[in-house]
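Chain by chain, the residues:
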Amino acid sequence: MTAAHALGRLTDDQRAIRDAVRTLARERVAPRAAEIDRTAEFPEDLRVLLAEQGILGLPFPERFGGLGADLLTVCLAIEALSAACATTGLILAVQELGSLPLLLAGTEEQLARFVPGLASGSDLIAFALTEADAGSDAAAVRTRAVRDGETYLLTGEKRFISQGSVASLVTVFAVTDPDADRYGRISAFVLETGSPGFSVTRLEHKMGIRGSPTAELAFDEVRVPAANRLGAEGDGFRLAMRTLDRSRPGIAAQAVGIAQGALDAAAAYAGQRRQFGKAIGEFQLVQGMLADMDARTEAARQLLYTACEEIERGAPDAGRWSALCKLVAGDAAMAVTTDAVQVLGGYGYLEDFPVERMMRDAKITQLYEGTQQIQRLVIARALLASER
Amino acid sequence: MRIVVLLKPVPDPGEERLGADGRLDRSVSPVINGNDEYVLEAALKLVEAGGGEITLLSMAPAGVTDPIRKALAMGATRAVLVSDPALAGACTWTTVQVLAAALRTLEFDLVVAGIDTSDGGGGVVAAGIATLLELPYLSNARRIEPFEGGVRVERLSPAGHDLLEASLPAIVSGTQLLGEPRYPSLRGIMGARSKEIAVRTLADIGLADRPVGGAHATTAMLDARPPASRGSTRVVRDLEPAAAAAAIVDFLVERRAL
């Protein structure tokens, strides 16, 4: 029932990839979604599936075994997966997020060393910026990286790290110069999780995206080669912000997917469920909800696709587009999933139906990769800067 | 091994529609015939294990290429599509002659085909081709493996299976016991765009002046009609199992059947 969405603006390749991922999502991912949520176990089987099908290779250059897809294509895949299972869509979104600092700032040697494993999907990579006391205020991170010859010694803790316990690589942001200004204190490193001194100290119990392990990581003088530093010393914060400018559409795509999944479930239910002698979809109050859900979802989708195109073409206000699409899509997902539960009534509140899970999953899209409040700050600052 | 897979685009089962002329409307969501997808998978495994290439051979209206493109994305090397306006309304005998003539223009060691098709169901095309080309025919395969200079097939039988061997070239018709077909990978999908689908007319395969095609059908369709409606049937689909069960219970409760 979603076949007709936005055909006009997509290329043949984008449409073919979206349709293929959608088929896979419907046939292989959707049947696993409830169990992944209930057991809160990382779906290793689906990681393998995404790797085998080349889906995890989408964001990576072809010369290193990837598919060299543009941002919109990556988002189409995240959207299609998330319509079935937000946790599974997040596997690709996090793979992209964790890799972006490497793709944006990595040398040819670093790319050659790390990207083939990431593109084949045999390696997962996490993005470790957030700390217990440095969330929205990301520049306040305290993890230290102290130069020691040809290596750095990393010491500190990271929190809320998606897939931190299943990744073999982690992009870590750490303070290299405590005396520099807020934006020049930090550098980025690719850390191999097998390194001595690295440990996963806790996994969070969460409301949604329960199959995606959210880890607390500890670094106890973990030795990282200087050759693993991305960009120059002190470039880390700017690199993190450039990464988020490009990664937030992935979360918007996850949100649009969740919203579409909930809308599809609600529309199917409204056509089947009979009360007062007819399908509840024949009642105008229900029709109104479904129409509003569709309008919100489609509006978010079109904004997302536009944002992807703007960011891909190097728009100077890429950060604004990125924040706009995540803000609108995250709010759409929350509203649409809430209404989907309403359309299903009491049944919607049961775990026998997918919409309560989708409602719980939707909430995270308003929180991570910058809260909705942070998105508004990014947008407003872009507006005010352009007025000066 | 050079393998030709006979691949028929068919309307998505359950979505079939009769056109105004009483014939099946072949433009309705065409997919790869189910059994053919399974023999294609078996062929892909043979080639992956022992090398070689796979040519798809189809007879279909010119516009029906999506299923062929999907089969190329799954890993077939190239495709030959015999397409000619004169073939509209072709009978099974024409199909046999056309595919046999097309095979004469191709180099192959093995031809594989699904045991039957979801839209026709005759199940005789592969046998007919084997007869015309005078090739060994091994039917109802649940397993296909190479064997020095030949092919070995486990043929499904009421008692279990028969073990058959034949020299090459040969024709094998296969069942869904061959194993689940793969999903095309994204790389396969991108790569399939540049693979060749060679379109051949009846003239191209040397049948221009032969009595084949709709005008020469050996069987005539006198009437076609959809099955009679069974009253106010409601089909529950597009719901997850728990939701579908609840919808059925609602239905029964509403009629006081529960």
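Keep in mind that what you see is a predicted model, and the values were worked out from it rather than measured. (Residues numbered from 1 in each chain as written. Chains lettered and ligands numbered in written order. Predicted model: local features only at pLDDT ≥ 70, side-chain atom pairs only at ≥ 80, totals over all residues.)

K.L.:
What should I look at first to understand the sheet that holds strand β8 (residues 150-157) of chain B in this one?
P.N.:
The strands making up a sheet associate through backbone hydrogen bonding, with each pair oriented either parallel or antiparallel. Residues and elements named next belong to chain B. The strand order across the open sheet formed by 9 strands is β9-β8-β7-β10-β6-β1-β4-β5-β11, and the pairing between neighbours is mixed. The strands lining the two open edges of the sheet, one partner per strand, are β9 (160-167) and β11 (197-200). Within the sheet, the average angular offset between the axes of one strand and its neighbour, ignoring direction, is 30°. Where β8 meets β9, 8 bridges bridge the pair, whose relative direction is antiparallel. Note on β9: the bridge partner recorded for Glu 154 is Leu 163. The sheet strands contacting helix α1 (residues 34-50) are β1 (2-6), β4 (53-59), β6 (110-114), β7 (137-147) and β10 (170-174), and the helix crosses β6 at an angle near 150°. (Pairing = 2+ DSSP bridges. Helix = DSSP H or I, 4+ residues; strand = E, 2+ residues; numbered from the N terminus. Axes fitted to C-alpha atoms, helices over the stretch in contact; angles between N-to-C directions. Contact = placed C-beta atoms within 7 Å.)

K.L.:
Please clarify how helix α8 (residues 318-344) of chain A should be interpreted in this entry.
P.N.:
Residues and elements named next belong to chain A. Over its 27 residues, α8 extends 39 Å from the first C-alpha to the last, a length consistent with the 39 Å expected when each residue adds 1.5 Å. Counting buried residues along α8, 23 of its 27 residues qualify, which places the element largely inside the surrounding structure. Phi turns positive, to about 60°, at Gly 345, one or two residues after α8. (Expected span 1.5 Å × (residues − 1). Buried ≥ 20, exposed ≤ 12 C-beta atoms within 10 Å, placed from the backbone.)

K.L.:
I would appreciate a short explanation of the packing of helix α7 (residues 284-312) of chain A against α8(A) in the present structure.
P.N.:
In a pair of packed helices, the angle between the axes and the distance between the axes together describe the arrangement. All names here are of chain A. Their axes nearest at 9 Å, the elements α7 and α8 cross at an angle of 160°. As the angle between them shows, α7 and α8 are arranged roughly antiparallel. For the pair α7 and α8, the sense of crossing is left-handed. Residues that form the contact of α7 with α8 fall into these classes: 20 nonpolar, 3 polar and 3 charged. (Parallel < 35°, antiparallel > 145°, perpendicular 65-115°, else oblique. Left-handed = near helix turned anticlockwise from the far one by under 90°. Nonpolar A, V, L, I, M, F, W, Y, C, P; charged D, E, K, R; others polar.)

K.L.:
Explanation requested: the interface of chain B and chain A in the structure shown.
P.N.:
Accessible area lost on assembly of the parts is the figure often given for the size of an interface. The interface is formed by 17 residues belonging to chain B together with 20 residues belonging to chain A. For the side of chain B that touches chain A, the element with the most residues is helix α6 (residues 241-254) of chain B, which contributes 6 residues.

K.L.:
Sorry, what's going on with the confidence of the model for chain A here?
P.N.:
The predicted coordinates of low-pLDDT regions are not to be read in fine detail. On average, residues of chain A score 95 in pLDDT, and 98% of them are at 70 or above. Within the model, the stretch residues 1-6 of chain A combines pLDDT values under 50 with 8 contacts to residues more than four positions away or in other chains. (pLDDT = per-residue confidence, 0-100.)

K.L.:
What am I meant to see in the nonpolar core here?
P.N.:
Soluble globular proteins: nonpolar side chains tend toward being buried together. Formed by 191 residues in total, the largest nonpolar core has its most connected members in Leu304(A), Ala340(A) and Val5(B). If you tally residues by element for this core, the top one is helix α6 (residues 236-272) of chain A, at 18 residues. Leaving out residues up to four positions away in the same chain, Leu304(A) has contacts with Cys75(A), Pro249(A), Ala252(A), Ala253(A), Val256(A), Cys325(A) and Ala329(A). (Core = buried A, V, L, I, M, F, W, Y, C linked by C-beta atoms within 7 Å.)

K.L.:
What's the story with the pairing of strand β4 (residues 169-175) of chain A in this structure? I'm lost.
P.N.:
Side-chain positions along a regular strand alternate between the two faces of the sheet. Residue and element names in this part refer to chain A. Counting buried positions along β4 yields 7 of 7 residues, so the element is predominantly enclosed. Alignment of strand β1 (residues 125-128) against β4, held across 4 bridges, turns out to be parallel. Bridge pairing in β4 links Ala 128 to Val 172. When β4 meets strand β5 (residues 186-192), the two strands line up antiparallel, connected through 7 bridges. The partner of Thr 171 across the bridge, within β5, is Val 190.

K.L.:
Sorry, what's going on with the pairing of strand β2 (residues 144-148) of chain A here?
P.N.:
All names here are of chain A. Where β2 lies against strand β3 (residues 151-162), 5 bridges are found, and the strand directions are antiparallel. Within β3, the position partnered with Arg 147 by the bridge is Tyr 152. In this structure, the hairpin formed by β2 and β3 is closed by a connection of 2 residues, where Gly 149 is found at a positive phi of approximately 65°.

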